[in-house]
Structure formats: C-alpha cells, structure tokens
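Structural description and commentary
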Amino acid sequence: MDPRVPHVVAVVLFPGVDALDVTGPAEVFTLATKRLARDGSAAGGYDVRFVGEREGPVPTFSGLRLCAEETFASWQREIDTLLVPGTVEIEDNHPVPRTDAAAVEWVRAVGPGAGRVASMCAGAHLTAAAGLLDGYRATTHWATAAELARYPQVEVLTDPIFVRSGKMWTSAGLTASMDLALALVAEDHGHEVALDVARIMVMYLQRPGGQSQFSEPLAHRPSTRDDLRRLRAWIGEHLAGDLSVTALAERAAMSPRHFARVFHADTGTTPAAYVERLRLELARRLLEQTDRTAQSIARESGLRSVETLHRVFRDRLRTTPGEYRRRFRPDPAGAHQPRIGGTVPHG
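Residues numbered from 1 in each chain as written. Predicted model: local features only at pLDDT ≥ 70, side-chain atom pairs only at ≥ 80, totals over all residues. Heavy atoms only, no water.

Notes on the pairing of strand S13 (residues 168-171)
The two faces of S13 match: Met168 and Thr170 on one face and Trp169 and Ser171 on the other face are all buried. With three bridges joining them, strand S9 (residues 116-119) and S13 adopt parallel strand pairing. The residue of S13 that forms the bridge with Ala118 is Trp169. By the bridge criterion, four bridges tie strand S12 (residues 162-165) to S13 in an arrangement that is antiparallel. Across the sheet, residue Val163 finds its bridge partner in S13, namely Thr170. (Buried < 20%, exposed > 50% of the residue type's maximum accessible area, 1.4 Å probe, protein only. Helix = DSSP H or I, 4+ residues; strand = E, 2+ residues; numbered from the N terminus. Pairing = 2+ DSSP bridges.)

Listed below in structure tokens is the structure:
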C-alpha cells in the first residue's frame, strides 16, 4: 500500500449501535491523522468512512444520531480496516448482545477482503455471526462472553481488554475500543505517534497482554449468603495470612469439603482460585503504587515467594512483574505517563 494514500477505515453503522464504539476510535484515528499532517509526514493518515444500510441519520443506543455517508450496496473501495461496533439490550440489568442482519451480511461480504477487522466490544458478536471469527481467538465485554462462546469455532478469552489474532482484532468493554484503536495506530505509524495521541486524549496507551478488564473483587458475583459475604470481606483484609481451604473452612464453621462446595456455588470459583486472584490484584497495586521489591510484594500479597509471584503473573497476565511495573508505574514526578504495550476498565 502506498503510504501517501490515506488508510481507509470503514465503520459499520446500524440502528442501536453503541455510539462510543464508533466515536472513540474515530477520534483516535482523526488525531493520528492530524499529528502526521502537522509533522509533514509522507504517511497519508486515516480516511474514516461511515457506512450503513441507508445514507443519513442512524440512531444509536444512547439516542445520539450518527450519519452514514455511504451505503452497503454502493460501497466500492478497498478496506484497510473494517471497524465493527456492537450493541446490547439491557435485560434484568444484564447486557445482552444484539446483531443487525444487514450489517452482518455486509461484514460477511467485505470482511475477508479487508486488511484487518477490528470488532469493538459487543461488535465481536456481529463479526462472529458473519463467520469471520471462526478459528480465531477473540474477546468481548466480560458480561457477554458466554454468549460469544456459543460460536463453537471461536476461542473466547474473557479477561483481556483486547486480543489480536491474525488480522482479527477484538476489544472488551466500550472504552477498550480506544485502547485497541491506539494499538492500531501504533502498528501503522509507530510508538511515538500513538503516544502523542494518547497524551492528547489523556489516556494510557494499550496495556501489555493479559491486562484484566476489571479488578478482581468485581470479577465474582455478589454473595447470596451473609456468612460468605463477611468471609470474602475478611479474606480481602488478610491476604498475607493462611487462607487455605482448611483455615477458611474452620473460620466458616464448616468441614473443608462442605465449605469448598458451598463457596464454589456462591462465587462460581474455588476458594484457592479466588484467593490467588485477590492476591494478584494486591500485587498489581503494589507494583503500580510502590517501589517495594518483588520479595516484599510476594510476602505482603500472600504469594509468599518471588517464584510464585512470577508464575501467577505469567499464567494470569502473560507478562512479568518487572514488565508490568515498567509500564504502569507513575513517573517520579507523580504524573501518569501514557504507556504502550502488546496485544491483550471495564467499559
């Protein structure tokens, strides 16, 4: 592709689309284009086009109206990046993904020929319905991941804020769409351009692979039992202590086997996994907010040893404690500097 020719970003519009899925990335691409033009770069920047079933106003989930400049039927150009936003309906206080038949058909038709496909939040469901995610890894908003997993040929990752798998890119919650767009800019035009855009937007550049969509206390459903609710609060205050199943069962006045069964039914996870994730959350905060050594952090978080600290970061976040701190520690002056990372809060 001639670098002087603008990179064509075709954004799919349909009734009920989440506005931030569209406007957030569009702002990132526009600011990147202005940054390139200001420096007299030979790169052409981005030509963001909004495409819908019909030309004209398209109502969004929030009621804001966006404008489709071209139609699915009239589109003739090659697409460098196909951007697929999503939408949900709220049922019983739970987001349920929805797709649009006309948008699905157009994505199915043009997606294979696009340079890459970027699905924002629940847009992964639309892309999956078009068959484009078959054989790829993908993420989506954590609350709709189970629905995405119903596509048997899609490997769903529930934790990352975005995933790149071949030419398919998918992001988590709404605000993660801007993280993904920054990563696309970094891939196209390098770290410095993406860094400048992140500074202007007062946001971090994309976090390293495996960064969680949300903090661990939010990752588990609320307790339905007063005794376990109190126990879970106590666990969070005593992470450096003995939190074995035997010790927790004794505190809950249950046998270890009965406690493990009741705890799993209440939280959806085992006591050991629950404790490890809370300890990881504390270790992350200590790396971000203090200068403590790995040994000190391992001890205070309850992970005990530096070896265990590294194992948990590797298994859960696909990074190391040192790399995590390098990317997320505020600078010495106290200002948070935008960072850039690799591939893989709450929006």
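Things to note about the nonpolar core
Counting residues in each nonpolar core, the largest one holds 61 residues, and the members touching the most others are Val12, Phe29, Ile79, Leu82, Trp106, Val107 and Val185. If one sorts the elements of this core by residue count, helix H5 (residues 176-189) sits on top with eight residues. Leaving out residues up to four positions away in the same chain, Val185 has contacts with Val28, Phe29, Ala32, Tyr46, Gly190, Val193 and Ala194. By size, the runner-up hydrophobic cluster in this structure holds 28 residues, among which are Phe259, Val275, Leu282 and Leu317. (Core = buried A, V, L, I, M, F, W, Y, C linked by side-chain atoms within 4.5 Å. Contact = heavy atoms within 4.5 Å.)

Digging into the pairing of strand S4 (residues 65-68)
Every second residue of S4 is oriented toward a common face, the buried set being Leu66 and Ala68 and the non-buried set Arg65 and Cys67. Across four bridges, strand S3 (residues 56-59) lies against S4 in antiparallel orientation. Opposite Pro59, over in S4, you have Arg65 as the bridge partner. Counted along the chain from S3 to the antiparallel partner S4, the turn is five residues long, and its residue Gly63 has a positive phi close to 100 degrees.

Things to note about the environment of Glu55
Considering the arrangement of structural elements, one finds Glu55 in the loop between strand S2 (46-52) and S3. For Glu55 and Cys67, which are twelve residues apart along the polypeptide, the C-alpha to C-alpha distance reads 7.2 Å. With sequence-adjacent residues up to four places away left out, Glu55 is seen in contact with Ala68, Glu69, Glu70 and Thr71.

Considerations on the packing of aromatic side chains
One pass over the full model with this rule turns up seven aromatic pairs. Both rings, one in Trp75 and one in Trp106, keep their centres 6.1 Å apart while their planes meet at 80 degrees; by these two values the pair is edge-to-face. On the criterion of sequence distance, the pair formed by Trp75 in the loop between strand S5 (70-71) and strand S6 (81-84) and Trp106 in helix H2 (residues 101-110) is long-range, its members being 31 residues apart. Take Trp106: its relative accessible area is 6%, and that puts it in the buried class. Their ring planes at 75 degrees and their centres at 5.7 Å tell us that Phe313 and Tyr324 sit as a pair that is edge-to-face. Residue Phe313 is located in helix H13 (residues 306-317), and its partner Tyr324 is located in helix H14 (residues 321-328); the two are separated by eleven residues in the primary sequence. By the burial criterion, Phe313 is buried, and Tyr324 matches it. Through pairs of rings, three or more aromatic residues link up here, namely Phe72, Trp75 and Trp106. (Phe/Tyr/Trp six-rings, centres within 6.5 Å; stacked < 30°, edge-to-face > 60°.)

Brief notes about the pattern of salt bridges
Taken as a whole and assessed by the stated rule, the structure comprises 22 salt bridges. Two residues, Arg225 and Asp227, come together in a salt bridge whose shortest N-O distance is 2.7 Å. Taking relative accessible area as the criterion, Asp227 reaches 28% and is therefore assigned partly exposed. The residue Glu281 makes a salt bridge to Arg284 at a minimum N-O spacing of 3.6 Å. Remark: Arg284 and Glu281 occur in helix H11 (residues 271-289); sequence separation between them is three residues, near one turn of the helix. Both residues of the pair, Glu281 and Arg284, belong to the buried class. (Salt bridge = Lys/Arg side-chain N within 4 Å of Asp/Glu carboxyl O.)

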